[in-house]
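Observations on chain architecture
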Amino acid sequence: MNGKRSIFLMSALCFGFAFLYVPIMLVIIYSFNEGKLVTVWAGFSTKWYVELFRDDAMIDAAWNSLRIGLMSATLALAIGTPAGLVMSRFGRFRGRTMFSGMIAAPLVMPDVITGLSLLLLFVTMEQLVGWPAGRGMTTIVIAHTTFCAAYVAVVVQSRLSGMDTSIEEAAMDLGAKPTKIFFLITLPMILPALMAGWLLSFTLSLDDLVISSFVAGPGSTTLPMKVFSSVRLGVSPEINALATLIIIAISVLIIIASILVMRSERQRARQVQEDTGIPG
Amino acid sequence: MSDIKPTLKQRFDRWMIRHGRVLVIGLPYLWLFLFFLVPFLIVLKISFATAQYAQPPYSALFQWVDEGVNIAINFGNYLFLLSDSLYISAYLNSIRIAAISTVITLLIGYPMAYGIARAKGSTRNLLLMLVILPFWTSFLIRVYAWIGILDREGLINAALMGLHIISEPLIIRQTEVAVYIGIVYTYLPFMILPLYSTLEKMDGSLLEAALDLGCKPWKAFATITLPLSLPGILAGSLLVFIPAVGEFVIPELLGGPNTLMIGRTLWNEFFSNRDWPIASSVAIAMLIFLVVPIMYFQHIQGKTEDPGK
């Protein structure tokens, strides 16, 4: 009976992972196709990559997206980290329910609603206080920061709630000030979470189409907006090449990040062991 | 000796102890309040306005006239949504498509999550990584990948026709089936991860005891594993269902012109018809339906965050 169950689970896993990975593999394979048709293999070629790098509009859009991603991820870290800290360490305070609501809701809110509501906010603000004047990079960065901050808060919070508070408590008992405790103890301990949160925000910002479309202005076309307008017309080998580059870049980034996280964890464990003499 | 004037640093420290807490709560609170909560109030306001050829393209709700404030609330947008069967069917369609996709995602995701939770140490981490990795790669590209597969001239049709199984290409893209495939594909990691975290925490001894006492494996699963993993099922389903209701990219790229979904309707009202008030009332109508699932999601999210409660 047990054998039957594990065969069922094995085939479910195989099917599931094939489902997840085969489409991506096909995009990568067909990006090296000589011909323009997706279904006909006409020989190996890298000409679509050359074509892609000659497409100035695409390159401009890619730079816009990278700049927006860097700024949004950094700002999201600055706002999401205290939010995560508040959720896991500050206990009860007035307005906590609303606070946790404002962190959980952006995670599931449909993009069209977030995009429309932010655009209407920016238009209203411009009417009332004259800022932000028009729409462009600034409004996209604000929009991305808002939903990315919610993700950072959740990542930081889950790291903090799985963490031992005894070191922080000991420091507090010995009279260390809260700011000092945060920068000397809490911050180094949540560093992997901060890195994960930043990376997650960066990729979410790089990936967003719907919200950017609502709050973008002239001259702030992002990469997904550019991709979307050409994909609407059908499959193009140039997009396959772009997709391959994005997939490779993100995979490399994630592998590097996870190696760094693992190394810092190991180092921490070793240091704690040396400092306290307690193994583990 | 000790009662000399406090240095700047000491004063700063004292100030931080007194006000630091407020500062740490205040920054994210203000940001989210201004850029997440206030916008909804503005959407609500504009949903009661009238469309105008002006900049911005809607009428003002409050106007200062001689005898005071003139309030012009227009319920017409909502009446229009109710009177036009297009909006109602888009609404119902979205809910139906999102619900069916959620069930399919659960049926594929549950055995996968179960399999990962049962795997040994390093294999488990590798499998988990493999689930998370597609979540990091671009959503748009993952939807795009299916165009090449499902299209009339796509890979499925090419393969089936090449093997002489069919003589006419199947129409898969531009149907509802393609939308189901797209939603299940892009949201699968969101289902697997919460399921995995409840299944992984589960106490295996209960199941062992049931099996030792002669319980049939399927019955043990139905009476022990399934109820215990209910929080994961709920969290995963909500993480798939709520965004799927408002999905725009998937029905736009994979669905046909007849695949009406509310997110797509909102997009068209805004970008093609430039009718901001109608777009706002569509958003409010969608939110009214989603408010209960969103609050429920927040409730379970809160419970998992704070196990002491």
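Not measured: the values here are computed from a predicted model. (Residues numbered from 1 in each chain as written. Chains lettered and ligands numbered in written order. Predicted model: local features only at pLDDT ≥ 70, side-chain atom pairs only at ≥ 80, totals over all residues. Heavy atoms only, no water.)

1. Quick notes on the UniProt feature "domain: ABC transmembrane type-1" (unreviewed entry) in chain B
Rule in force here: UniProt positions are given in the numbering used here, feature names are shortened, and annotations may be inferred rather than shown by experiment. Helix and strand definitions here come from DSSP, where helices need a minimum of 4 consecutive H or I residues and strands a minimum of 2 consecutive E residues; each element is numbered from the N-terminal end.
The UniProt record annotates "domain: ABC transmembrane type-1" (unreviewed entry) at residues 91-297 of chain B. When the span residues 91-297 of chain B is considered, its composition is 79% helix and 0% strand, and the gap between its end C-alpha atoms is 21 Å.

2. Let's talk about the packing of helix α9 (residues 217-228) of chain B against helix α10 (residues 230-245) of chain B
All names here are of chain B. Going by this rule: Simply put, an axis is a line fit to the C-alpha atoms, just over the touching stretch for a helix, and the angle between two N-to-C directions goes from 0 to 180 degrees. Note on angle classes: values under 35 degrees are labelled roughly parallel, values over 145 roughly antiparallel, values of 65 to 115 roughly perpendicular, and the remainder oblique. Note on definitions: a residue-residue contact is assigned when non-hydrogen atoms from the two residues lie within 4.5 Å. Residues were grouped as follows: Ala, Val, Leu, Ile, Met, Phe, Trp, Tyr, Cys and Pro as nonpolar; Asp, Glu, Lys and Arg as charged; and all remaining residues, including Gly, as polar.
Contact geometry of α9 with α10 gives a least axis separation of 4 Å together with a crossing angle of 50°. When the axis of α9 is compared with that of α10, the two are oblique. Taken together, the residues of α10 that come into contact with α9 (itself represented by Leu 226, Pro 227 and Leu 228) are Leu 230, Pro 231 and Ile 233. In the contact of α9 with α10, the residues fall into six nonpolar, no polar and no charged.

3. Focus: the pattern of salt bridges
This is how the line gets drawn: Criterion for a salt bridge: a side-chain nitrogen of Lys or Arg within 4 Å of a carboxyl oxygen of Asp or Glu. Burial status follows relative accessibility: with a 1.4 Å probe on protein chains alone, a residue under 20% of its type maximum counts as buried, one over 50% as exposed, and anything between as partly exposed.
Across all of its chains, the model carries eight salt bridges over all chains by this definition. In this structure, Glu 176 of chain B engages Arg 96 of chain B in a salt bridge whose closest nitrogen and oxygen atoms are separated by 3.1 Å. With Glu 176 of chain B in helix α7 (residues 176-201) and Arg 96 of chain B in helix α3 (residues 85-118), this residue pair connects regions lying 80 residues apart in the sequence. The class for Glu 176 of chain B is partly exposed, based on a relative accessible area of 25%. Arg 96 of chain B gets classed as partly exposed once you look at its relative accessible area, which sits at 38%. Its salt-bridge partner being Arg 124 of chain B, residue Glu 200 of chain B comes within 3.6 Å of it at the nearest N-O pair. Taken as a pair, Glu 200 of chain B in helix α7 and Arg 124 of chain B in helix α4 (residues 121-136) lie far apart in primary sequence, 76 residues in all. Put simply, Arg 232 of chain A together with Glu 252 and Arg 264 of chain B are held in one network by salt bridges that share partners.

4. A short note on the packing of aromatic side chains
Our working definition: For this analysis, a ring pair means two rings from Phe, Tyr or Trp (six-membered ring only for Trp) whose centres lie within 6.5 Å, classed as stacked if their planes differ by under 30 degrees, edge-to-face if by over 60, and tilted for the remaining angles. A ring has a charge above it when a Lys NZ or an Arg CZ is no more than 6 Å from the ring centre and no more than 35 degrees off the ring normal.
A complete count under the given rule lists 32 aromatic pairs over all chains for this structure. A ring pair is formed by Trp 31 of chain B and Phe 35 of chain B, whose centres lie 4.8 Å apart and whose planes are at 55°; its orientation type is tilted. Taken as a pair, Trp 31 of chain B and Phe 35 of chain B lie in helix α1 (residues 8-46) at a separation of four residues, close to a single helical turn. Just as Trp 31 of chain B is buried, Phe 35 of chain B falls in that class too. For the pair Tyr 110 of chain B and Phe 221 of chain B, a centre-to-centre distance of 5.8 Å together with 90° between the ring planes defines the contact as edge-to-face. Of the two residues, Tyr 110 of chain B sits in helix α3 while Phe 221 of chain B sits in helix α9, which places them 111 residues apart along the sequence. What links up through ring pairs into an aromatic cluster is the set Phe 214 and Phe 228 of chain A together with Phe 248, Trp 267, Phe 270, Phe 271 and Trp 276 of chain B. Its guanidinium or amino end placed over the ring of Tyr 114 of chain B, Arg 118 of chain B lies 4.8 Å from that ring's centre, counting from NZ or CZ.

5. Focus on α9 of chain B
Residues and elements named next belong to chain B. Definition in use: In a helix, the anticipated span is given by 1.5 Å times the number of residues less one. Of all possible arcs, the one meant is that of the directions from the helix axis to the C-beta atoms.
Across its twelve residues, α9 extends 15 Å between first and last C-alpha, which sits within 8% of the 16 Å expected from 1.5 Å per residue. Turning to α9, its buried residues are Ala 220, Phe 221, Ile 224 and Thr 225. Each buried residue of α9 sits inside an arc of 115° when the element is viewed along its axis, so together they form one side. Away from its buried face by more than 90 degrees, α9 exposes Trp 218 and Lys 219. Tucked into the core, α9 has its buried residues touching α3, α7 and α8 (204-212).

6. Quick notes on the side chain of Ser 72 of chain A
All names here are of chain A. To keep it simple, the criterion reads: Any N or O atom pair separated by 3.5 Å or less is treated as a polar contact, with the protein-specific requirement of one donor-capable and one acceptor-capable atom, and with residues adjacent in sequence counted only for side-chain atom pairs.
Mapped onto the elements, Ser 72 comes out in helix α3 (residues 56-89). Ser 72 gets classed as buried once you look at its relative accessible area, which sits at 0%. A polar contact is formed between the side chain of Ser 72 and the backbone oxygen of Ile 68, at a distance of 2.6 Å.

7. Describing the interface of chain B and chain A
Let me state the cut-off plainly: Joining two parts hides part of their accessible area as seen by a 1.4 Å probe, and the buried area is that hidden amount summed over both.
Between chain B and chain A, the residue contacts involve 89 residues of the former and 90 residues of the latter. Carbon and sulfur atoms supply 82% of the area that chain B and chain A bury against each other, a total of about 8,300 Å² over both sides. Our count for the contact surface shared by chain B and chain A stands at one salt bridge. Residue Glu 252 of chain B pairs with Arg 232 of chain A through a salt bridge whose shortest N-O separation is 2.9 Å. Our count for the contact surface shared by chain B and chain A stands at nine residue pairs in polar contact (both at pLDDT 80 or more). No other element matches the 22 residues that α1 of chain B contributes to the side of chain B that touches chain A. The class makeup of the residues in the side of chain B that touches chain A is 70 nonpolar, ten polar and nine charged.

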